[in-house]
Structures are given as structure tokens and as C-alpha cells.
Amino acid sequence: MERAYQRWAPVYDALCGPVFLNGRRAAAAAARDVGGRILEIGVGTGLSFDDYDASTEITGIDISEPMIARARERAASGRYPFVKGLAVMDAGALGYADASFDCVVAQFVITLVENPEQVLTECARVVRPGGQIILVNHLYSERGLAAAVERWTAARARRLGLRPEFPFARLAAWAQAHSGVELIERRKIPPFGVYTLVRFRRTAAA
């Protein structure tokens with residue numbers, strides 16, 4: 001994954017920015033509704049900075065040094081005083097204390113990481129009780145023609161660092177097993193419903 005994004009970093013904004021725009025804005029809007037201290041997992045080149053405002057304090061991490069380097073360049077422009085920190089970090093081993101954030105956002109990330117359940121568990125650990133975990137991603141079509149097409153393309157997509165065969169059921173199973181989170185929203189992002197927004201709330205019990 002690190003090698004894949006090292007290759008993508010120079011052209012990521014131009015190629016992926018427009019493709020992910022609606023999903024990115026939907027996730028950021030949901031995070032702004034929570035407000036406060038927001039951790040963005042897989043912050044990439046910092047494209048999402050434009051979608052936040054002074055009601056938030058953004059900390060961003062990414063596994064890719066070239067991606068974080070570009071995010072730091074963007075933050076250094078002075079346009080985003082609410083961006084408080086950027087770091088190269090493994091989302092499966094977050095270097096933050098328990099309950100450090102009001103919200104954790106993962107845009108187009110959870111289907112890419114080696115161990116999604118471990119990353120989700122780390123997200124739940126660092127978010128405060130009552131806070132939210134907000135995911136946006138393309139989730140696997142579990143039936144019909146779309147599912148058949150996605151199964152066929154899965155092996156090829158992995159070469160690009162993608163994992164299109166990731167089902168919502170896997171997120172639901174993690175939430176049920178964790179016992180410290182509850183699903184509060186699952187909705188398709190318009191106009192075409194290609195991406196899905198999923199929100200979990202951290203409960204007091206863990």
C-alpha cells in the first residue's frame with residue numbers, strides 16, 4: 001500500500017480529487033456537525049482541508065510519507081489554521097491516548113488497509129464516548145450484476161491498491177463484536193450512490 005501511494009502522490013489531486021469529491025464533502029459535513037477535535041485517517045495530500053472550518057481542529061495521519069509531505073505543503077499555505085497536526089502513522093496502531101478526539105473520519109481508507117477491524121478498533125479507542133466514527137467508501141455490492149462485475153475486477157483492482165469486494169456486512173459484524181459502538185447511519189451518497197456514508201457512535205460501555 002505504501003508503494004502504491006508513493007506512485008499515486010504526484011498525480012493524486014488531479015486524478016482522484018474530482019472522483020471522490022461528493023463522498024469527501026459528505027464525510028466532512030458530518031464531521032463538522034460533530035465539531036471539535038477531528039482525526040482524519042488517511043488524510044492523503046490534504047484535499048479535504050477545504051471542507052472543514054474553524055469549528056474544528058484537524059489532525060491528519062497517513063501511512064505514506066509522500067502524501068503527508070504534500071499535505072504539509074498545503075497546510076503551510078496559511079489557509080488552514082485549524083489543521084493542528086500531520087503525521088506519518090499506521091492507522092492500526094494510533095499514537096494517541098484513549099478518548100483524544102470528538103470524531104474520527106476515514107475517507108476511502110477502510111477498504112484499503114491490511115486489517116480493517118484493527119483500524120476500526122483503534123478509531124473507537126481514540127474517540128471519546130458519544131463521539132463518532134465516520135466512514136465513506138465504495139462498499140461491495142453483495143448481489144446482482146454489480147456484485148459479479150466487482151468480483152471479476154477485484155484481482156486487477158488490488159494492483160492499484162484498491163479492494164472493491166469489501167461488504168457492509170463486515171463493518172456491521174465488527175460493530176456487533178466490539179460492543180462499544182453503535183451504528184447510527186448508513187446512506188448512499190448522491191448523485192449515483194456509488195459511495196456509502198457510515199456513521200458509528202462510541203458508547204460509554206467498551
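The structure reproduced in this document is the subject of the present report. As a convention, each chain's residues are numbered from 1 in the sequence order in which they are written. Owing to the predicted nature of the model, reporting of local features is limited to residues with pLDDT of at least 70; listing and counting of side-chain atom pairs is limited to 80 or more, with chain, interface and lining totals taken over all residues. To get the side-chain values, take all heavy atoms of the structure and skip hydrogens and water.

Quick notes on the pattern of salt bridges
Working step 1: Note on definitions: salt bridges are taken to be side-chain nitrogens of Lys or Arg within 4 Å of carboxyl oxygens of Asp or Glu. For the structure shown, the criterion picks out 13 salt bridges.
Working step 2: Here R125 ties to D98 by a salt bridge, and the two come within 2.9 Å at their closest N and O atoms. Of this pair, R125 sits in helix 5 (residues 116-126) while D98 sits in the loop between strand 3 (83-88) and strand 4 (101-107), placing them 27 residues apart in sequence.
Working step 3: Where salt bridges share partners, they join R24, R25 and D51 into one cluster. Helix and strand definitions here come from DSSP, where helices need a minimum of 4 consecutive H or I residues and strands a minimum of 2 consecutive E residues; each element is numbered from the N-terminal end.

Topic: the sheet that holds strand 4
Working step 1: Note on pairing: two strands pair once DSSP finds at least 2 bridges between them. Within the open sheet, the seven strands sit side by side as 3-2-1-4-5-7-6. Their pairing is mixed. Each of the sheet's edge strands pairs with one partner strand only, and the pair in question is strand 3 and strand 6 (181-188). Averaged over all pairs of adjacent strands, the angle between strand axes in this sheet comes to 15 degrees, irrespective of strand direction.
Working step 2: Relative to strand 7 (residues 196-202), strand 5 (residues 127-137) is paired through six bridges, and the arrangement is antiparallel. Residue Q132 lies in a different strand from strand 7, and its bridge partner there is R201.
Working step 3: Residues are treated as being in contact if the distance between any of their heavy atoms lies within 4.5 Å. Only C-alpha atoms enter the line fits that serve as axes; for helices the fit covers just the stretch in contact. Angles between N-to-C directions range over 0 to 180 degrees. Along the sheet face, helix 5 touches strand 1 (36-41), strand 4, strand 5, strand 6 and strand 7 and points at about 145 degrees away from the line of strand 5.

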